[in-house]
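# Topology and contacts: notes
Residue-level listing of the chains:
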Amino acid sequence: MTDRLVYWAYALGWGLLKHLPERVARGLFDRLADYAWRKRGKRVLQLEANLRRVRPGMDEAAVRELSRAGMRSYLRYWMESFRLPVWSRERVARDVQVEGFEHLRAPLEAGRGVLIALPHMGNWDLAGAWVAQQGYPFTTVAERLKPERLFDRFVAFREGLGMEVLALTGGSVNVIGTLARRLREGRLVCLVGDRDLSEAGIGVTFFGEGTRMPAGPAALCQRTGAALLPVTLWYDGPVLRARIHPEVPVPEEGDRKERTLAMTQAMAQVWERGIREHPQDWHMLQRFWLADLPVRETVKAASAERAEAAPELAAEASGS
C-alpha cells in the first residue's frame, strides 16, 4: 500500500467506523481478522512462530487456533481504537477493570513519579483513557509513522484521551529529558516497552530465549527515583482487564548498567507470566527473538519493521 492509501484507510476507519452499530463493527473486524489469518501472510506466520515460544509443545492445530484468536484480538484493538473517541466516560469505566490500582495511586499521591511499562497486549489506548479518567493524565512516546498526516492523527487521537504524546524521532523536544522532568515532577509516564531489537536494546531472557528490550524504563526510574510498575492487559469477553503489578525495586548492588539489566529482566518475567496466561492478547506480529533476526539487524531495519506492521496487515486484509 502507498502512504496515501494507508492514510485514507485509517481516515476511513476513524470517520465511518465510529458510526456503525457495535455488533456490526465487531463482526466486520472479526471477518477481516479471519480473512488475514486464512491468507497466512508473513505477519500471521510470525505471530504463530512467536506463539510457539510462548506455548511450547502445542500441535499445529492448536497453534492455528491460537493465532486466529490472536488476530481477532489484534483487530479488536483497532476496532476499539477507531470507536474510542465516541465512547462515553461511563462506557470506559464499565469496560475496563483494573487490579492493583493502589500500586499506582499511592506513590502519585505521595508526590513521587510513576513509570508504567507494558507489553503490546490488549488495548493500551483504552487502558490509558481509563487511567486519565481517574484524574492521572500522563506522558507517553509514539513512534513516528508514515505518512506524516497519519502520525498527526494518532497524536491528536491520543491527546484527546488525555495523553501528552512525544514523538520518538524527528521532533524538537528532548524525549528522555522531558520524560525525566515529568517523573521528577511527580507525574505519570506510560511506555510500551517489550521490544527493542536495535543495538540500543538491553539483552534479556524471555521464555527461555534471548531478546532485547528498551533500557529506558529502568534507567529513567533510577535517574529520577520514580516507581517502575509493570502492567499486563487482556480481554475477558467484553471487558478489558489490566493488572498493575508491584513496583520493580532498584537493586542495592551493581553499577547502573547492572541495575538496569536486573530491573529490565525482572519486568520481563512479570510480562512473561501475563503473556503465558493470555497469549492470544499479545499482539506481537513482528520478529521478537534474536534467533529470528538476520545476522546484521540495524536500528533502521528494526524500526521500519515495527512501523510497517499495521499497514502491511491492512494490505493483506484488503487483498491488495
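Residues numbered from 1 in each chain as written. Predicted model: local features only at pLDDT ≥ 70, side-chain atom pairs only at ≥ 80, totals over all residues. Heavy atoms only, no water.

### Topic: the sheet that holds strand 3 (residues 138-142)
- Read across the open sheet, the 7 strands follow the order 1-9-8-2-5-3-4; overall the sheet is mixed. Taken across any chain shown, the strands that pair with only one partner, and hence form the sheet edges, are strand 1 (96-99) and strand 4 (163-167). For this sheet, the mean inter-axis angle between neighbouring strands, taken without regard to orientation, is 25 degrees.
- Alignment of strand 8 (residues 227-236) against strand 9 (residues 239-244), held across 6 bridges, turns out to be antiparallel. In the sheet register, Trp 234 faces strand 9, and the bridge partner there is Arg 241.
- Helix-sheet contacts for helix 6 (residues 101-109) involve strand 1, strand 2 (114-118), strand 5 (188-192), strand 8 and strand 9, and the interaxial angle to strand 2 is about 155 degrees. (Pairing = 2+ DSSP bridges. Helix = DSSP H or I, 4+ residues; strand = E, 2+ residues; numbered from the N terminus. Axes fitted to C-alpha atoms, helices over the stretch in contact; angles between N-to-C directions. Contact = heavy atoms within 4.5 Å.)

### Comments concerning the packing of aromatic side chains
- Under the definition given, this model contains 14 aromatic pairs.
- An aromatic cluster is built from Phe 29, Tyr 74, Tyr 77, Trp 78, Phe 82 and Trp 124, whose rings are joined through pairwise contacts.
- Above the face of the Trp 37 ring, Arg 68 is positioned so that its terminal group lies 5.6 Å from the ring centre.
- Note that Arg 91 overlies the ring of Trp 87, its terminal NZ or CZ placed 3.8 Å from the centroid. (Phe/Tyr/Trp six-rings, centres within 6.5 Å; stacked < 30°, edge-to-face > 60°. Lys NZ or Arg CZ within 6 Å of the ring centre and 35° of its normal.)

### Regarding helix 3 (residues 42-54)
- In this model helix 3 runs 19 Å from its N-terminal to its C-terminal C-alpha over 13 residues, within 8% of the 18 Å that 1.5 Å per residue would give.
- Of the positions making up helix 3, those classed as buried are Arg 43, Val 44, Gln 46, Leu 47, Glu 48, Asn 50, Leu 51, Arg 53 and Val 54. (Expected span 1.5 Å × (residues − 1). Buried < 20%, exposed > 50% of the residue type's maximum accessible area, 1.4 Å probe, protein only.)

### Comments concerning the environment of Ser 81
- Structurally, Ser 81 is set in helix 4 (residues 60-83).
- Judged by relative accessible area, which is 4%, Ser 81 ranks as buried.
- Sequence separation between Ser 81 and Arg 158 is 77 residues; the distance between their C-alpha atoms is 9.7 Å.
- Reaching out from Ser 81, the side chain makes a polar contact with the backbone oxygen of Tyr 77 at a distance of 2.9 Å. (Polar contact = N/O pair within 3.5 Å; in protein donor to acceptor, adjacent residues only side chain to side chain.)

### A few points about the confidence of the model for the protein
- Residues at a pLDDT of 70 or more form 83% of the protein, whose mean pLDDT is 87.
- In this model residues 298-304 is a low-confidence stretch, pLDDT under 50, and it forms 7 contacts with partners more than four residues away in sequence or in other chains.
- This model gives residues 314-320 a pLDDT under 50, and the stretch forms 14 contacts once residues within four places in sequence are excluded. (pLDDT = per-residue confidence, 0-100.)

### Some thoughts on the nonpolar core
- In terms of nonpolar packing, the biggest core is built from 83 residues, with Leu 104, Leu 188 and Phe 206 touching the most fellow members.
- The dominant element in this core, judged by the number of residues it contributes, is helix 4, at 8 residues.
- For Phe 206, the residues in contact, after removing those within four places along its chain, are Thr 211, Met 213, Ala 268, Trp 271, Glu 272, Ile 275, Trp 282, Phe 288 and Trp 289. (Core = buried A, V, L, I, M, F, W, Y, C linked by side-chain atoms within 4.5 Å.)

### Quick look at the packing of helix 2 (residues 22-39) against helix 4
- Viewed as axis vectors pointing N to C, helix 2 and helix 4 meet at an angle of 140 degrees, and their least axial separation amounts to 8 Å. As far as their axial angle goes, helix 4 and helix 2 are oblique. Of the two elements, helix 2 crosses helix 4, and the hand of that crossing is right-handed. Where helix 2 abuts helix 4, its residues Glu 22, Ala 25, Arg 26, Phe 29, Asp 30, Ala 33, Asp 34, Ala 36 and Trp 37 lie against Arg 64, Ser 67, Arg 68, Met 71, Arg 72, Leu 75, Arg 76, Trp 78, Met 79, Phe 82 and Arg 83. (Parallel < 35°, antiparallel > 145°, perpendicular 65-115°, else oblique. Left-handed = near helix turned anticlockwise from the far one by under 90°.)

### Brief notes about the packing of helix 10 (residues 216-224) against helix 11 (residues 256-277)
- Orientation of helix 10 relative to helix 11, taken along the N-to-C sense of each, is 125 degrees, at an axis distance of 8 Å. Overall, the two elements helix 10 and helix 11 adopt an arrangement that is oblique. Of the two possible hands of crossing, helix 10 and helix 11 adopt the one that is right-handed. Contacts between helix 10 and helix 11 pair Pro 217, Ala 218, Ala 219, Cys 221 and Gln 222 from the former with Arg 256, Arg 259, Thr 260, Met 263, Thr 264 and Met 267 from the latter.
- Here the residues of the contact of helix 10 with helix 11 sort into 6 nonpolar, 3 polar and 2 charged. (Nonpolar A, V, L, I, M, F, W, Y, C, P; charged D, E, K, R; others polar.)

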